[in-house]
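Residue-level structural notes
Chain residues, written in single-letter form:
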Amino acid sequence: QVQLVESGGGLVQAGGSLRLSCAASGHTFSIYGLGWFRQAPGKEREFVARITWSGGNTDYQDSVKGRFTISKDNDRNTVLLQMNSLKPEDTAVYYCAAGRRYTRWPKDYEYWGQGTQVTVTS
């Protein structure tokens, strides 16, 4: 089993920044890919960014490219999502996920965090 604990959400004005953290513990040797997903009210959960456990590969949804950066602190088994130039449409609950695959699809991830709310006001 793998446990994921997110932190760092909050309320910010448009144009501001937030950094989300996801700490992984347990059987982390089984993880190959980690992803950040988000879900706004009334919408499906969508891919935001992903990274391989080694940190060597990253990928982003088009709408966040150039604004968000995913990275991994290997010493702390923590995945970070730095979010800059935030927009009201970024408002959602953000989830960290981990699994044996490196994909953009939520169904491919076995482990999920509890979610953290990000609210961007105009």
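Report follows, based on the coordinates. All values derive from a computational prediction rather than experimental measurement. (Residues numbered from 1 in each chain as written. Predicted model: local features only at pLDDT ≥ 70, side-chain atom pairs only at ≥ 80, totals over all residues. Heavy atoms only, no water.)

1. A look at the pattern of salt bridges
Tallied over the entire structure, the rule returns ten salt bridges. Among the salt bridges present, the one from Arg38 reaches Asp90, with a minimum N-O distance of 2.9 Å. Residue Arg38 is found in strand 4 (residues 33-39), and its partner Asp90 is found in the loop between strand 8 (78-83) and strand 9 (92-99); the two are separated by 52 residues along the sequence. Asp90 carries the same exposure label as Arg38, and that label is buried. Among the ionic pairs, Glu110 bridges to Arg100, the shortest N-O distance being 3.3 Å. (Salt bridge = Lys/Arg side-chain N within 4 Å of Asp/Glu carboxyl O. Helix = DSSP H or I, 4+ residues; strand = E, 2+ residues; numbered from the N terminus. Buried < 20%, exposed > 50% of the residue type's maximum accessible area, 1.4 Å probe, protein only.)

2. Observations concerning the side chain of Asp59
By the secondary structure assignment, Asp59 is in strand 6 (residues 58-60). Given a relative accessible area of 15%, Asp59 falls into the buried group. Here the side chain of Asp59 touches Arg50 through a polar contact of 2.8 Å, side chain to side chain. Beyond its immediate chain neighbours, meaning those up to four positions away, Asp59 contacts Phe47, Val48, Ala49, Arg50, Tyr102 and Arg104. (Polar contact = N/O pair within 3.5 Å; in protein donor to acceptor, adjacent residues only side chain to side chain. Contact = heavy atoms within 4.5 Å.)

3. Re the nonpolar core
Counting 30 residues, the largest nonpolar core has Trp36, Leu81, Met83 and Tyr94 as its most contacted members. Those elements giving two or more residues to this core turn out to be strand 1 (2-7), strand 3 (18-26), strand 4, strand 5 (46-52), strand 7 (68-73), strand 8, strand 9 and strand 11 (116-121). Dropping the residues within four chain positions of it, Leu81 is found in contact with Leu18, Arg19, Leu20, Trp36, Val48, Ala49, Phe68, Thr69, Ile70 and Tyr94. (Core = buried A, V, L, I, M, F, W, Y, C linked by side-chain atoms within 4.5 Å.)

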